[in-house]
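Working through the structure, step by step
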Amino acid sequence: MKTIIEPFRIKSVEPIRMTSREEREQILRDAHFNVFGIKARDVLVDLLTDSGTGAMSSLQWSGMMRGDESYAGAESFYRFSDKMNELTGFDHILPTHQGRASERILFELVGGPGKVIPNNNHFDTTRANVEHSGARAVDLVIHEAKTPSLRHPFKGNMDVQRLRDLIVAEGVEKIPIVMVTVTNNSGGGQPVSLANLREVRAVCDEFGIPLFLDACRFAENAYFIKQREEGQGERTIREIVRDTFDLADGATISAKKDGMVNIGGVLLIRDPELAQRADALLILTEGFVTYGGLSGRDLEAMAQGFEEVVREDYLSYRIRSTEYLGERLLALGFQIIEPPGGHAIYVDAGKLCPGIPSWEFPGQALVCELYRQAGIRTVEIGSVMFGGGGNPPPLELVRFAIPRRVYTQSHIDYVVEACGELYERRDRIKGLKIVFEPPYLRHFSARFIELR
Ligand code: F0G
């Protein structure tokens, strides 16, 4: 296979400040072993998230100069909504400031006490917005998703039988919508097939329940469909994207992912009556319907970002570069969620550090060691994020998320080298103890001390 090169040249650069191991040791202590407390200038390679951290293109930047900042009916809004309409077929397109703003509006409309929202896996803000409305969030991903080493082409698929059982057990009236997250971030960035979406749609039709997508990474999902799903290989990404959205009655989108912007979101709704109620809520907290809490220039950047993300040369570079990191880590001996996801690689830290029990946070211990050793910032998705409150220990994962168009292959090779050295010393990684935690979302601000 030929090398897949980055399909862009670099016009503008941002320096990285080099740090020594001694400096990082002090920084880590000052941050109480929580990388959310580390200043970005003290990070060498920042893989904390792929959200809002991408590099914009020269056309996106020039679009920003064109931004029409009119309060109502700005040209920029129409360029944005025409682009979204062209890609998704939806007519009612609301801009929001980010994904969770779309979620808040949606669940204020359809959620509430007694309601149940099924999803393949709720992302944490989606779950929080469902629960904030008083409703219950239920995850119904296929059982294959629970074993990291198990390879399945569409490991983000929903278990359709469990969906049907849930609807029958709870009663249709309790289930206002069914949601599917593409790709499934909480489940390893794994895709959902068109066939699975069609099966979910059929169940929704049978019971008269609308289907909504959490479509943050719709383009990456479409690329996996093209590569892996029977009969899809010759179709264009745009056709697959259109098929995906045609199956849905609505979607929440964080444009900070496949919108290729640093801030922005979208809410799509087909039902005119529900859309009108969403307009009213948007005006209440985000802004008028033609700007939704964003500036005209943000809308221009989104319009261009959604155009660039469906290009095949971009997507093949994107998916291949994530896969490259995954393959190299597997070759070193790390267990990752297999196959590699679209936007991130998830390392099984529980398997890497069997001597560290869940209550000493093996994932967080690995996150700290990666920072100390090489200045790499990742994020724990394990017992710190989901533990406590008597829940059984989850998989102890560490996510290496790849910002879009930001790092080159040598940055990734550096990450791989650091991981190789760390793998050899894995027995010496130290567990942690929590010495402070807030009442909610403790991973953002918990403080730790190192044990032994
Ligand atoms: N849904 C999914 C699947 C997400 O991954 C995210 C954000 C959101 C919704 C919320 O969007 O941040 O724009 O409000 N994920 C980021 C991450 C934060 O790091 O995975 P937002």
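Higher on the page you've got the structure.
Below is a summary of the structure that appears in this document. (Residues numbered from 1 in each chain as written. Predicted model: local features only at pLDDT ≥ 70, side-chain atom pairs only at ≥ 80, totals over all residues. Heavy atoms only, no water.)

Grouped together as the largest cluster of nonpolar side chains are 62 residues, with contacts concentrated most on Phe80, Phe218, Phe245 and Phe306. The element that contributes the greatest number of residues to this core is helix H8 (residues 218–228), accounting for six residues. Those residues in contact with phenylalanine 80, other than ones at most four positions away along the chain, are Ile93, Pro95, Val266, Leu299, Met302, Ala303 and Phe306. In terms of nonpolar packing, the next biggest core, distinct from the first, is built from 47 residues, Val35, Ala365, Val367 and Ala374 among them. (Core = buried A, V, L, I, M, F, W, Y, C linked by side-chain atoms within 4.5 Å. Buried < 20%, exposed > 50% of the residue type's maximum accessible area, 1.4 Å probe, protein only. Helix = DSSP H or I, 4+ residues; strand = E, 2+ residues; numbered from the N terminus. Contact = heavy atoms within 4.5 Å.)

Right, let's get into the site of the ligand. Around the ligand, a shell composed of 17 residues is seen, among which Thr49, Arg100, Asp214, Ser254 and Lys257 lie nearest. In the model, an oxygen atom of the ligand is placed 2.9 Å from a nitrogen or oxygen of the glutamine 98 side chain. One nitrogen or oxygen atom from the side chain of arginine 399 is found 2.7 Å from an oxygen atom belonging to the ligand. Per-element tally for the shell around the ligand: the top contributor is helix H4 (residues 99–110), with three residues. Partitioned by chemical class, the residues of the shell around the ligand number two nonpolar, eight polar and seven charged. (Near = heavy atom within 4 Å. Polar contact = N/O pair within 3.5 Å; in protein donor to acceptor, adjacent residues only side chain to side chain. Nonpolar A, V, L, I, M, F, W, Y, C, P; charged D, E, K, R; others polar.)

Glancing now at the packing of aromatic side chains. All chains considered together, the criterion is met by 12 aromatic pairs. Ring geometry for phenylalanine 77 against tyrosine 78: centres 5.2 Å apart, planes inclined by 75 degrees, an arrangement best described as edge-to-face. With relative accessibility at 8%, the residue phenylalanine 77 sits in the buried group. Ring centres of phenylalanine 218 and phenylalanine 245 lie 5.6 Å apart, and the angle between their planes is 65 degrees; this geometry places the pair in the edge-to-face category. Taken together, the residues span a long stretch of sequence, with phenylalanine 218 in helix H8 and phenylalanine 245 in helix H9 (residues 237–246) at a distance of 27 residues. The residues phenylalanine 218 and phenylalanine 245 share a single accessibility class, namely buried. Members of the aromatic cluster, each reached through a chain of ring pairs, are Phe90, Phe218, Phe245 and Phe306. A cation over a ring is seen here: arginine 426 above tyrosine 423, with NZ or CZ 4.0 Å from the ring centre. (Phe/Tyr/Trp six-rings, centres within 6.5 Å; stacked < 30°, edge-to-face > 60°. Lys NZ or Arg CZ within 6 Å of the ring centre and 35° of its normal.)

To continue, consider the layout of surface pockets. What the largest pocket holds in volume is close to 1,600 Å³. Together, 38 residues line the largest pocket, and Glu14, Gly54, Ala55, Arg405 and Val406 are the ones closest to its centre. Among the elements of the structure, helix H2 (58–66) and helix H12 (312–332) are those that each provide at least two residues to the lining of the largest pocket. Counting residues per element, the lining of the largest pocket draws most heavily on H2, which supplies three residues. For the lining of the largest pocket, the per-class residue count stands at 18 nonpolar, nine polar and 11 charged. Both domains that meet at the lining of the largest pocket, namely domain 1 (21–50 + 312–450) and domain 2 (58–308), each give it at least three residues. Volume-wise, the second largest pocket comes out at about 1,100 Å³. (1 Å grid on protein atoms, 1.4 Å probe; cavity = no way out; pocket = protein on both sides within 12 Å on 5 of 7 lines; lining within 4 Å. Points joined across faces, edges and corners; volume = space filled by probe spheres on them. Domains from an automatic or database assignment.)

Take the sheet that holds strand S9 (residues 344–348) next. Overall, antiparallel pairing links the three strands, which are arranged S9-S12-S11 in an open sheet. Either end of the sheet is taken by a strand with one partner, and the two such strands are S9 and strand S11 (379–381). Neighbour-to-neighbour, the strand axes of the sheet open up by a mean angle of 35 degrees, direction not taken into account. Note: S11 against strand S12 (residues 397–401), three bridges, orientation antiparallel. Pairing of glutamate 380 across the sheet is with valine 398, part of S12. Sitting on the sheet, H12 touches S9 and S12, and the angle it makes with S9 is about 20 degrees. Across the face of the sheet, helix H14 (residues 362–374) comes into contact with S9, S11 and S12 while running at roughly 40 degrees to S12. (Pairing = 2+ DSSP bridges. Axes fitted to C-alpha atoms, helices over the stretch in contact; angles between N-to-C directions.)

Right, let's get into the packing of helix H1 (residues 21–30) against H14. Where H1 meets H14, the closest approach of the two axes is 7 Å, and the angle between their N-to-C directions is 145 degrees. On H14, the residues touching Arg21, Arg24, Glu25, Ile27, Leu28 and Arg29 of H1 are Cys368, Glu369, Tyr371, Arg372, Gln373 and Ala374. For the contact of H1 with H14, the class distribution of residues is five nonpolar, one polar and six charged.

Geometric descriptors of this kind do not, in isolation, establish any biological role.
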